[in-house]
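If you want the building blocks of each chain, they are given just below.
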Amino acid sequence: CAVKAAHVLSEIARNEEMKKPCIEADLVLTLIPLLESTDQEMLLHAGRAIGRICYDNRDLQEELVKAGIIPSLVQIVTDYAESEPLVHVALLALYNLADLDSAKEALSVTKVAEQLVKQLRRAESHERLEIVFEVLQALAENDALKVQLVEAGVPEVLSEILLRLQGSSQAEDTCIVRAASDLIVSLLLGDTYMCCLRLQKTTQHLYIVLILARHENSQGKDSLNSEFASLVSLIVFLTSLTCLVLPLSSDGNCLHMVQLGVIHQLLDLLEKHVQSGDTSVQQAALSALQNLAIPVVSKVQMLEDGIAERIEALLRPESPPAQFKLLGTLRMLADGQADAAEILGHDPMLLNRLVQWCSVSDHSGICGEANRLLASILHHNRSQEVVKAIQAAQGVKHLVSMTTSEHAAMQNEALNALAIASAIDLETLEEPFKESQLVQSLHKLLQDDNTSPEVKYNSMGLLCRLLNSGDLRQEIEEDKIKDTLEQLCSHSNADVAKEAITTLQVLRGE
């Protein structure tokens, strides 16, 4: 009777108009316990009913996760791995839920990675591969799950799939090749060193695929294989390059690659694929580019080669992911390099664009990276002209706002940048500091018990610089910051207490 009822519900839920009555009757929460059944027919109908009722309903999907549906779905894939209908239902459910952060968190404590590897190996149809790929792509956005997927051997299985499809003349195989390539890039181009270690084995497989593809082409095969070989070649090159230039490797590798002209080739690739919208190649090229910009020896060579100007030319609003990473690359170039900071700081067009992006609300990542680049230019620059240029572009007010960021790292970057700029040209900054109420913001940071010790320390360092201005000194005195500093003299953090004593002495003119 219960099986028939679940079957009826799954059929009723096909009708869009019937979904609302099912939701109002709380049928979804009633169906969830049925996923613990050992009756495969019950599991099938209950799973279909839940999936159809909750499709495209984010609130209801969140409720499903809270009710514990994730372990049940993974268990179905585990226990009934050879049942195509059951696995299909469970994978579709995981696909629909995988974008939720709560679902990713729940999946991170299961053995979903192992089960997805098994399904990849078992998959015979393009449809099944595509569903598994979609689930994997969503899970790869989570760092903890990414490591689990790599450790479970997903990249190796993907390379085996590429090898299996080699030589095919079917257009639909191209879609699988691209999806597998996208996944390999997503999994292997993270910040986790374990992911890069795994790459060594995976690229061996991919090189075999590439050699075979080129051999087929040399025998006069069709254009699909040519595209196949080209795509795999790019993925192999870019992922291998990224791992070679990770911070854990030698600076010499990076410098040698820069001297060979790899950077310009990367930018040529990026320019081509930003226009075409090929995200897998974009992501791979951008990650390689960022890592090449880390060592000091590379920065100097890259600047001499005019890389900064080429990167600036690629900062296009139609490609936010590329824009985000390119801004990060410019920030890395400026880090510790006064020459780079001065070059960037003397570009009024770049400064004006950064200021515009500093207040972009629909792309928080770009907004944050623009603020960080502006702070980096100000921090590492030693020129009064650059300080004046940033103020002329209305950038100072954004850096003042950055001191109250929810991220301590960004707060410290802004505080240090403003302190250095104040030492270079306080006269230029005095008025914008007053307009943006910098003194009052610093006082709040010092008063707030939740402010980190490092932020408090850097806030006082900036206050010491501001005391060199008569008007700002008056604001500091009127805001009664002295009382707060006296309290901080007994702070539990020794560095904060010491800096409070020093700041008081400067305030008193001692």
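Here the structure is shown first, and the text comes after it.
These numbers were taken from a predicted model, which means no experiment stands behind them.

Undergrad: Break down helix H25 (residues 384-392) for me, citing the residues and quoting the values.
TA: Those residues of H25 not exposed but buried are Val-386, Val-387, Ile-390 and Gln-391. Taken around the axis of H25, the buried residues stretch over an arc of 135°, which confines them to a single face. Of the surrounding secondary structure, the elements contacted by the buried residues of H25 are helix H22 (338-345), helix H23 (348-357), helix H24 (364-380), helix H26 (396-402) and helix H27 (408-435). Looking one or two places after H25, you find Gln-394, whose phi comes out positive at around 65°.

Undergrad: Describe the nonpolar core, and please don't skip the residues or the numbers.
TA: Ranked by size, the top nonpolar core spans 79 residues in total, and within it Leu-354, Phe-433 and Leu-466 carry the most contacts. Ranked by residues supplied to this core, first place goes to H27 with 10 residues. Each of two domains, domain 2 (336-429) and domain 3 (437-509), supplies a minimum of three residues to this core. Leu-354 has contacts with Leu-327, Ala-370, Leu-373, Leu-374 and Ile-377, leaving out every residue within four places of it along the chain. If you look at the next biggest cluster of nonpolar residues, it comprises 66 residues, including Ala-46, Tyr-80, Ala-103 and Leu-165.

Undergrad: If you had to explain the environment of Leu-120 to someone new, which residues and values would you point to?
TA: Inspection of the secondary structure assignment puts Leu-120 in helix H9 (residues 112-122). For the pair Leu-120 and Glu-130, spaced 10 residues apart in sequence, the C-alpha separation works out to 9.8 Å. Leave out the neighbours within four places in its chain, and Leu-120 touches Leu-129, Val-132, Phe-133, Leu-136, Val-154, Val-157, Leu-158 and Ile-161.

Undergrad: Help me get a handle on the pattern of salt bridges, residues and values and all.
TA: Under the defined criterion, the tally for this structure stands at 13 salt bridges. Note that Glu-11 and Arg-14 form a salt bridge whose closest N and O atoms lie 3.0 Å from each other. Owing to a relative accessible area of 37%, Glu-11 belongs among the partly exposed residues under this scheme. Between Lys-104 and Glu-141 there is a salt bridge; the shortest N-O distance is 3.8 Å. Here Lys-104, found in helix H8 (residues 101-107), pairs with Glu-141, found in the loop between helix H10 (126-139) and helix H11 (143-151); they are 37 residues apart in sequence, far enough to count as distant. When its relative accessible area of 4% is taken as the criterion, Lys-104 is described as buried. Taken together, the shared-partner salt bridges connect Glu-84, Arg-122 and Arg-128 into one network.

Quick notes on the rules
- Residues numbered from 1 in each chain as written.
- Predicted model: local features only at pLDDT ≥ 70, side-chain atom pairs only at ≥ 80, totals over all residues.
- Heavy atoms only, no water.
- Buried < 20%, exposed > 50% of the residue type's maximum accessible area, 1.4 Å probe, protein only.
- Helix = DSSP H or I, 4+ residues; strand = E, 2+ residues; numbered from the N terminus.
- Arc of directions from axis to C-beta.
- Contact = heavy atoms within 4.5 Å.
- Core = buried A, V, L, I, M, F, W, Y, C linked by side-chain atoms within 4.5 Å.
- Domains from an automatic or database assignment.
- Salt bridge = Lys/Arg side-chain N within 4 Å of Asp/Glu carboxyl O.

Such coordinate-based values are descriptive only and should not be taken to indicate function.
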